[in-house]
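Architecture at a glance
Spelled out, the chains give:
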Amino acid sequence: MKTIKTIFALSLFILGLSVFLAAAPVPDDPSLEAKAKDIHTRILSVDTHCDTPGNLLDPKWDIGVRHEPGSENGGQIDLPKMKEGCLDALFFGVFTGQGPLTPDAYAESRSKAMAQIDAINAMTVKYADLVGKATTPADAARLKKEGKRAAFIGLENGYPIGEDMSLVEVFARRGVRYITLCHTSDNQICDSGTDRRNPEDKGLSEFGRKVAAECNRLGIMIDVSHMSDRSFADVLKISKVPVIASHSCCRALCDNPRNLTDDMIKALAANGGVLQVCFFSSYLVSPPPNPERDAAFAALDVKYGSWSDMTADQRAAAIAEYRELHRKFPEPPARVKDVVDHIDHVIKLVGIDYVGIGTDFDGGGGVEDCSDVSQMFRVTMELLRRGYSESQISKIWGGNAFRVLQKVIDIAGAPSL
Ligand SMILES: [Zn+2]
């Protein structure tokens, strides 16, 4: 049975809403800020999820130019702001929304995915002095030494693979280093945690089992974010290597199907994987009860049904109506302290080695006092306030995610891809 919370989460995915358009003032603490920024000169930091490639496709938008925080269509990530925020490496999420499971629709989603990869490659050519393409942790370390940012690629939604297994290798050769097997709806690979059409959770499909094995073979991380609980369990049963949750939080702190339960986090740690805490407000803090809001969203949900069954016109109408409702009933704002509460929770549950950061900037992520990439050192300030050491901060900011990536590559033995 899908809950109202599922519906809210889904509407946010659909809209890619950034709830906070401008940072709220935060108390100055110049010495702590200086200490945090100093630590970032020595550690290698990575954010494992953003949806910035959508902006890269806009010919009027330029990632090499600094966009003022909160500016209209400015985006939450650009290269100057990455430097300001002390972020070294970023997984650019090549995202395709879930559509029908037909050969034509698979082909269309594939061309959309390839266009985004082309745009990422074009960025690394146009701004070769600022950013380089990366597929291994060593690439990120080398680029940092050269004073450049590292651009990794993740495929958010395995939909573009269609039913053609050979395409997993095609994407690997184009530099994809994780595949989020599904998005907000069930697909040909697995069931999603937020599909409203099918209350039954069928987990990984037969084809999905083969895709997971192929990811293992090729040195691609399997991303369990967005999956249903059964899909998650199925992947952990069959994956021979650690997996990543590129942008999810803890269900014990915020009851949302996009988050992992404590048992799932324990299973992920036993697998050697990593949970990358997301900056999505509705995954971080539960909204206070509001029956009027619940009823309004439920009515809209009934009106529009499944996203993947809509025509383009219906989607446009749904977006407009969902936006209006989000304006009318805004979510309670999460803050950096909420992000770090989720990090703390994972650490208390399973230890320091299984948690990191995946913001979902430009895809709906952003908290009140860290609303774009230029403010990411504020997470480090909060970690310092809570007594974390530099070596612990280094693991949280990138050591853990890169350990998983390296292990996946090593076991595959396919570093040349
Ligand atoms: Zn996502």
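Reference entry: report on the structure contained in this document. (Residues numbered from 1 in each chain as written. Predicted model: local features only at pLDDT ≥ 70, side-chain atom pairs only at ≥ 80, totals over all residues. Heavy atoms only, no water.)

1. Description of the coordination of the zinc ion
The following threshold applies: Listed donors are limited to N, O and S atoms within 2.8 Å of the metal, widened to 3.2 Å for Na, K and Ca; water is not among them, so incomplete-looking sites are possible. What counts as a helix is a DSSP run of H or I of at least four residues, what counts as a strand is a run of E of at least two, and both are numbered from the N terminus.
Here the zinc ion is held by the protein donor atoms E156 (OE), H226 (NE2) and H247 (NE2), which lie 2.0 to 2.1 Å from it. Sequence positions of the donors to the zinc ion reduce to the motif E-x69-H-x20-H. Of this pair, E156 sits in strand β4 (residues 149-156) while H247 sits in strand β7 (residues 244-248), and the two are 91 residues apart along the sequence.

2. Some points on the nonpolar core
Formally: Buried residues of nine kinds, namely Ala, Val, Leu, Ile, Met, Phe, Trp, Tyr and Cys, make up a nonpolar core once their side-chain atoms join them within 4.5 Å. Each residue gets one of three labels from its accessible area relative to the maximum for its type: buried under 20%, exposed over 50%, partly exposed in between, using a 1.4 Å probe on protein chains only. By definition, residues are in contact when any of their heavy atoms lie within 4.5 Å.
The biggest cluster of nonpolar side chains holds 91 residues, and the ones touching the most others in it are F92, I161, I179, L181, I343 and I396. Residues in contact with F92, not counting those within four places in the same chain, are C50, T52, P53, L56, I63, I120, M123, A151, F152, I153 and G154. Counting residues in hydrophobic clusters, the runner-up holds 20 residues, among them A150, Y178, V274 and V408.

3. Topic: helix α7 (residues 166-173)
Under the convention used in this document: As used here, the arc is the angular range of directions from the helix axis to the C-beta atoms.
Three or more residues of α7 are buried, namely L167, V168, F171 and A172. Along the long axis of α7, the arc covered by the buried residues comes to 150°, so they all point the same way. Among the structural elements, α5 (103-126), β4, β5 (176-180) and α8 (206-218) are those in contact with the buried residues of α7. Note on α7: the residue one or two positions beyond its end, G175, has a positive phi of about 105°.

4. Overview of the pairing of β7
Basically, it comes down to this: Pairing between strands is defined by DSSP: at least two bridges between them are needed. When the strands point away from the viewer and the path from the first strand over the helix to the second turns clockwise, the crossover is right-handed.
Buried residues dominate β7, accounting for five of its five residues. Relative to strand β8 (residues 274-277), β7 runs parallel, the two sharing three bridges. If you follow A245 over to β8, its bridge partner there is L275. With helix α10 (residues 262-270) bridging β7 and its parallel neighbour β8, the resulting β-α-β unit is right-handed.

5. Side note on the pattern of salt bridges
Condition: Just to be clear on terms, a salt bridge is a Lys or Arg side-chain nitrogen sitting within 4 Å of an Asp or Glu carboxyl oxygen.
In the structure shown here, the tally under the stated rule is 33 salt bridges. In this structure, R142 and E146 form a salt bridge, with 3.7 Å as the shortest nitrogen-oxygen distance. When its relative accessible area of 41% is taken as the criterion, E146 is described as partly exposed. Ionic pairing is found between K395 and D353, a salt bridge with its closest N-O pair at 2.7 Å. Note that K395 is positioned in helix α16 (residues 390-412) and D353 in the loop between α14 (336-350) and β9 (355-357), a separation of 42 residues in sequence.

6. Side note on the packing of aromatic side chains
Rules: Within 6.5 Å between ring centres, the rings of Phe, Tyr and Trp (the latter by its six-membered ring) count as paired, and their orientation is classed by plane angle as stacked under 30 degrees, edge-to-face over 60, tilted in between. Criterion for a charge above a ring: Arg CZ or Lys NZ at most 6 Å from the ring centre, at most 35 degrees from the ring normal.
Overall, the coordinates contain seven aromatic pairs when judged by the stated rule. Between Y106 and Y159, the aromatic rings sit 5.6 Å apart at their centres with planes inclined by 65°, giving edge-to-face as the arrangement. Residue Y106 is located in helix α5, and its partner Y159 is located in the loop between β4 and α7; the two are separated by 53 residues in the primary sequence. Grouping residues by exposure puts Y106 and Y159 together as buried. A ring pair is formed by F297 and Y322, whose centres lie 6.2 Å apart and whose planes are at 25°; its orientation type is stacked. Here Y322 lies in helix α13 (residues 312-328) and F297 lies in helix α12 (residues 291-304), a separation of 25 residues in the sequence. As far as burial versus exposure is concerned, F297 and Y322 are alike and both buried. Residue placement shows K37 over the ring face of F377; its charged tip is 4.3 Å from the ring centre.

7. Details of unusual backbone geometry
Negative phi is the rule for most residues except glycine; trans is the rule for most peptide bonds. Positioned with a positive phi, D360 is a non-glycine residue whose angle comes to about 70°. The backbone of D362 sits at a positive phi, close to 65°, despite the residue not being glycine. On the secondary structure map, D362 appears in the loop between β9 and α15 (377-385).

8. A closer look at the packing of α10 against α14
Note the cut-off: Between N-to-C directions, angles cover 0 to 180 degrees, with each direction set by a line fitted to C-alpha atoms, over the stretch in contact for helices. Throughout this description, any angle smaller than 35 degrees is read as roughly parallel, any larger than 145 degrees as roughly antiparallel, any in the 65 to 115 degree range as roughly perpendicular, and the remainder as oblique. Should the near helix be turned counterclockwise from the far one by less than a right angle, the crossing is left-handed, whereas a clockwise turn marks it as right-handed.
Their axes nearest at 10 Å, the elements α10 and α14 cross at an angle of 65°. Regarding the angle of α10 to α14, the classification is roughly perpendicular. Handedness of the α10/α14 crossing: right-handed. Each of D262, I265, K266 and A269 in α10 lies in contact with α14, whose residues at this interface are H345, V346, L349 and V350.

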